[in-house]
Amino acid sequence: MSQSMVAKHSMWPRQKDIIFNLSERAQRAEKSIGKDNVINATIGALMDDYGTLITMDTVYNEYKSLDNKDISAYASLEGQPDYLEAVKKVCFKEYMPDGYIKAVASPGGSGAIKLATWNYTEEGDQILTSDWFWSPYVSITEETGRKVSTYQLFDENNNFNFNSFKKEFLNIASKQERIFTILNTPAHNPTGYSVSDDEWDKIIGLSKEVATNQDKKIILFVDIAYIDFASDDNASRKFFKKFSNLPENILVIVGFSMSKGFTAYGMRMGAAICITASENVAEEFYYGCVHSCRANWSNCNRGAMKLLSNIVQDEEKFEKYTQEKTLYKEMLKRRAKVFVEEAEKVGLDILPYRDGFFVSIPCDNPREVCEELTKDNLYLVPLKAGLRFAVCAVNENKCKVSPSIIKNALQYIKNQKVVEKN
Ligand SMILES: Cc1ncc(COP(=O)(O)O)c(C=O)c1O
C-alpha cells in the first residue's frame, strides 16, 4: 500500500462530484456541437435562454458602487448589525414570528447548516430529512460524525407523507435527546415540492406533542435557499408566523442564503436565524454560533453584507430589485409549466412540483439513464432514486422537448434490463 498521510476521519472515497462531472461533459458537448444542440439541465443556477448565467443588474450595480473600504475591512464575527437587520426583514417580510429572533451571518446557506447541525446535535446523532434531499446535508454533517436518516417525502399517491415523517421523528425521539429535522421548503431541491400550511400544522403539532416531555429538545431547521423563487413572495412566507410562541424546548432555525435570491452564489453569504420563545435560548444560540464562526471561517464577506443592507433598507432600490427578480421568477415558472405539462402529455412520471429550480423524475438505474441521455445530448443529474432536471438552466423550447426524450431513454433502459435478465 502506498503512503497515506491523511487522518483516519478524513479518508473519503476518491469520487469526483457526479454533478460537476456531468456538467463538465455538457460544457464540452456545447463547445463541440454548439449550445443549441445540447440540453444542459445539470446546473443549479438561473441561466438565461442562451445558457448564460443570470446576474441581477440591481445587485451588481449596487455592489460595484460600494466604497472599497466596505468590501475590504474585516466584518464583525456575527455579521454587520445592518446586515443582520436586513436579513430578518427580507427573510420574513410581513410574517415575522413573535419571539426572540437572532441572526448570525454565515458563508451561504451551507454555513448556516453547519452552524445549526454542529451546535444542536451530538456526535453520533441522527439528523432527519426527506429521502429526496440535497446531498451536501450528508457531507456537512458526516464531517463531524452525525448521520442523516430519512423519511419518505411522498406516499403512494404523491402526497406529503406525514405518516412516514411521524414514524421517523418518533423513532429518533425514542433514542435521542435532540430531534433535529431539516425541512427544505418552499421549492425543495431536488423535487420542487413546498410543504403546505396544513402540513406545517401537522409537523408543528407533532413537535409540540413530543415537546411535552421536557427532556426532549426539538430543532426544526428550515432551509429556505429557494424561497425567493417560490410562487408569491408573501404567500410563501405565511408559515413563518406559525413559529410564534412555541414551547421553549422547540427551536426553529432558518437557513437564509443570498445565493439564489440575489444571484450571489459565489459571494458566499447567508445567515442562521433562530426563533424561540426563550430569551436564554436565543442568547445561547448567538454565543454558540459566534464561537463556531470564529473557529471555522472567522468573519464573512463584508461587501456582500453591505450590498444586501443597501438594497433592503432603501425602498426604491428594493422595489427595483424585486421587479428584476420577478421577471426571472416568471421566466422560471413558464419553463417549469411547459416541462410539467409536456411530461403529463407524454406520460412521464414526475414528482409533485410546486416551485423552484428543479423537477425530479423517479426511476430505476438513474446513472444508466443519465448516460443513455447523453447520447441525445441531454445532460441531467442522477440521484439515488431518480433524475434531477434543472428547469432553472434550460429555456422553454428545450423544457418542452425534454420530457419525451427522457421518457424514451427510460423505456430503452427498461427494455435493456429485461433483455439482460432473459
Ligand atoms: C437545498 C439547498 N440548501 C442550501 C443551499 C445552500 O447554498 P449556498 O451555500 O450557496 O447558500 C443550496 C444550494 O444549492 C441548496 O440547494
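Residues numbered from 1 in each chain as written. Predicted model: local features only at pLDDT ≥ 70, side-chain atom pairs only at ≥ 80, totals over all residues. Heavy atoms only, no water.

- In the nomenclature of an unreviewed UniProt entry, the protein corresponds to Aminotransferase class I/II-fold pyridoxal phosphate-dependent enzyme from the organism Romboutsia sedimentorum.
- According to the UniProt record, the Sequence similarities (unreviewed entry) comment for the protein is "Belongs to the class-I pyridoxal-phosphate-dependent aminotransferase family."
- Per UniProt, the protein has the following entry under Subunit (unreviewed entry): "Homodimer." (UniProt positions renumbered as here; feature names shortened; annotations may be inferred.)

Section: the domain arrangement of the protein
Thought 1: For the protein, the assigned domains are domain 1 (8-56 + 329-421) and domain 2 (59-316).
Thought 2: Distance between the C-alpha centres of domain 1 and domain 2: 27 Å.
Thought 3: Contact with domain 1, which involves 27 residues of that partner, is made by 25 residues of domain 2.
Thought 4: When domain 1 packs against domain 2, close to 2,300 Å² is buried across both sides, 62% of that on carbon and sulfur atoms. (Domains from an automatic or database assignment. Contact = heavy atoms within 4.5 Å. Buried area = accessible area lost by both parts, 1.4 Å probe.)

Looking at the packing of helix H5 (residues 108-120) against helix H9 (residues 279-296)
When two helices pack together, their arrangement is given by the angle between the helix axes and the distance between those axes.
Thought 1: Across the interface, H5 lies against H9 with an axial gap of 10 Å and an inter-helix angle of 115°. It follows from the interaxial angle that H5 and H9 lie roughly perpendicular. Crossing of H5 against H9: the hand is right-handed. Counted together, Lys-114, Leu-115, Trp-118, Asn-119 and Tyr-120 of H5 and Val-281, Glu-284, Phe-285, Gly-288, Cys-289, Ser-292, Cys-293 and Asn-296 of H9 form the full contact between these two elements.
Thought 2: For the contact of H5 with H9, a count of residues per class yields seven nonpolar, four polar and two charged. (Axes fitted to C-alpha atoms, helices over the stretch in contact; angles between N-to-C directions. Helix = DSSP H or I, 4+ residues; strand = E, 2+ residues; numbered from the N terminus. Parallel < 35°, antiparallel > 145°, perpendicular 65-115°, else oblique. Left-handed = near helix turned anticlockwise from the far one by under 90°. Nonpolar A, V, L, I, M, F, W, Y, C, P; charged D, E, K, R; others polar.)

Observations regarding the site of the ligand
Thought 1: Within the structure, the ligand sits among 14 residues, and Gly-109, Ser-110, Asp-223, Tyr-226 and Ser-257 are positioned closest to it.
Thought 2: Within the side chain of Ser-257, one N or O atom sits 2.6 Å away from an oxygen atom of the ligand.
Thought 3: Residue Ser-259 places a side-chain N or O atom 2.7 Å away from an oxygen atom belonging to the ligand.
Thought 4: The fraction of the free accessible surface of the ligand (390 Å²) that becomes covered by protein chains is 92%. (Near = heavy atom within 4 Å. Polar contact = N/O pair within 3.5 Å; in protein donor to acceptor, adjacent residues only side chain to side chain. Areas by Shrake-Rupley, 256 points an atom, 1.4 Å probe, with all protein chains shown as cover.)

A few points about the pairing of strand E4 (residues 147-151)
Thought 1: Sheet analysis places strand E3 (residues 126-130) next to E4, joined by five bridges and oriented parallel. Each residue of the ladder has a partner; that of Ser-130, found in E4, is Tyr-151. (Pairing = 2+ DSSP bridges.)

Side note on the sheet that holds strand E11 (residues 381-382)
Thought 1: With antiparallel pairing, three strands are arranged side by side in an open sheet as E9-E12-E11. Because the sheet does not close on itself, it has two edges, and the strands there are strand E9 (358-362) and E11.
Thought 2: Bridging between E9 and strand E12 (residues 386-390) involves five bridges; their strand directions are antiparallel. Residue Val-359 lies in a different strand from E12, and its bridge partner there is Phe-389.
Thought 3: Packing against the sheet, helix H12 (residues 366-374) makes contact with E11 and E12, and its axis sits at approximately 45° to E12.

A look at the nonpolar core
Thought 1: Core analysis: the largest hydrophobic core is formed by 112 residues, its most contacted members being Tyr-83, Phe-389 and Ile-406.
Thought 2: Built from parts of two domains, this core gets at least three residues from each of domain 1 (8-56 + 329-421) and domain 2 (59-316).
Thought 3: In contact with Ile-406, other than residues within four places in its own chain, are Phe-339, Leu-348, Ile-361, Leu-373, Leu-378, Leu-380, Leu-387 and Phe-389.
Thought 4: Within the second largest apolar cluster, 25 residues are counted, among which are Leu-115, Leu-251, Cys-289 and Val-290. (Core = buried A, V, L, I, M, F, W, Y, C linked by side-chain atoms within 4.5 Å. Buried < 20%, exposed > 50% of the residue type's maximum accessible area, 1.4 Å probe, protein only.)

Here's the deal with the environment of Phe-256
Thought 1: Relative to the elements of secondary structure, Phe-256 occurs in strand E7 (residues 250-257).
Thought 2: Sequence spacing of Phe-256 and Phe-92 is 164 residues, and the spatial spacing of their C-alpha atoms is 10 Å.
Thought 3: Sequence-distant contacts of Phe-256, that is, excluding residues within four places in its chain, are made with Tyr-83, Val-87, Val-90, Cys-91, Gly-108, Gly-109, Ile-224, Gly-270, Ala-271 and Ile-273.

Examining the side chain of Ser-130
Thought 1: Along the chain, Ser-130 turns up in strand E3.
Thought 2: Looking at Ser-130, its side chain comes within polar contact range of the main-chain oxygen of Trp-132, at 2.7 Å.
Thought 3: Not counting residues up to four positions away in its chain, the partners in contact with Ser-130 are Thr-150, Tyr-151, Leu-153 and His-188.

Focus on the packing of aromatic side chains
Thought 1: All told, the structure shown has 25 aromatic pairs when counted by the stated rule.
Thought 2: Three or more aromatic residues joined by ring pairs form one cluster here, namely Tyr-151, Phe-154, Phe-160, Phe-162, Phe-165, Phe-169 and Tyr-193.
Thought 3: Sitting above the plane of the Tyr-286 ring, Lys-102 keeps its charged end 4.8 Å from the centroid.
Thought 4: Positioned over the ring face of Phe-358 is Arg-388, at 3.8 Å from the centre of the ring. (Phe/Tyr/Trp six-rings, centres within 6.5 Å; stacked < 30°, edge-to-face > 60°. Lys NZ or Arg CZ within 6 Å of the ring centre and 35° of its normal.)

Quick word on the environment of Ser-257
Thought 1: Examined against the element boundaries, Ser-257 turns out to sit in strand E7.
Thought 2: For Ser-257, a relative accessible area of 8% gives the class buried.
Thought 3: Between the C-alpha atoms of Ser-257 and Gly-270, which are 13 residues apart in sequence, the distance is 4.1 Å.
Thought 4: Apart from the residues within four sequence positions on either side, Ser-257 is in contact with Gly-109, Ala-225, Met-269 and Gly-270.
Thought 5: Here the side chain of Ser-257 touches Ser-259 through a polar contact of 3.0 Å, landing on its backbone nitrogen.

Some words on the state of the cysteines
Where two cysteines share a covalent bond between their sulfur atoms, that bond is called a disulfide.
Thought 1: As enumerated under the stated definition, the model contains zero disulfides in all.
Thought 2: Here Cys-91 is not cross-linked by a disulfide; its sulfur's nearest cysteine counterpart is in Cys-274, at 12 Å.
Thought 3: Among the cysteines around Cys-399, which has no disulfide bond, Cys-392 carries the closest sulfur, lying 9.3 Å off.
Thought 4: Of the residues examined, Cys-399 reaches a relative accessible area of 0% and is grouped as buried. (Disulfide = S-S within 2.5 Å.)

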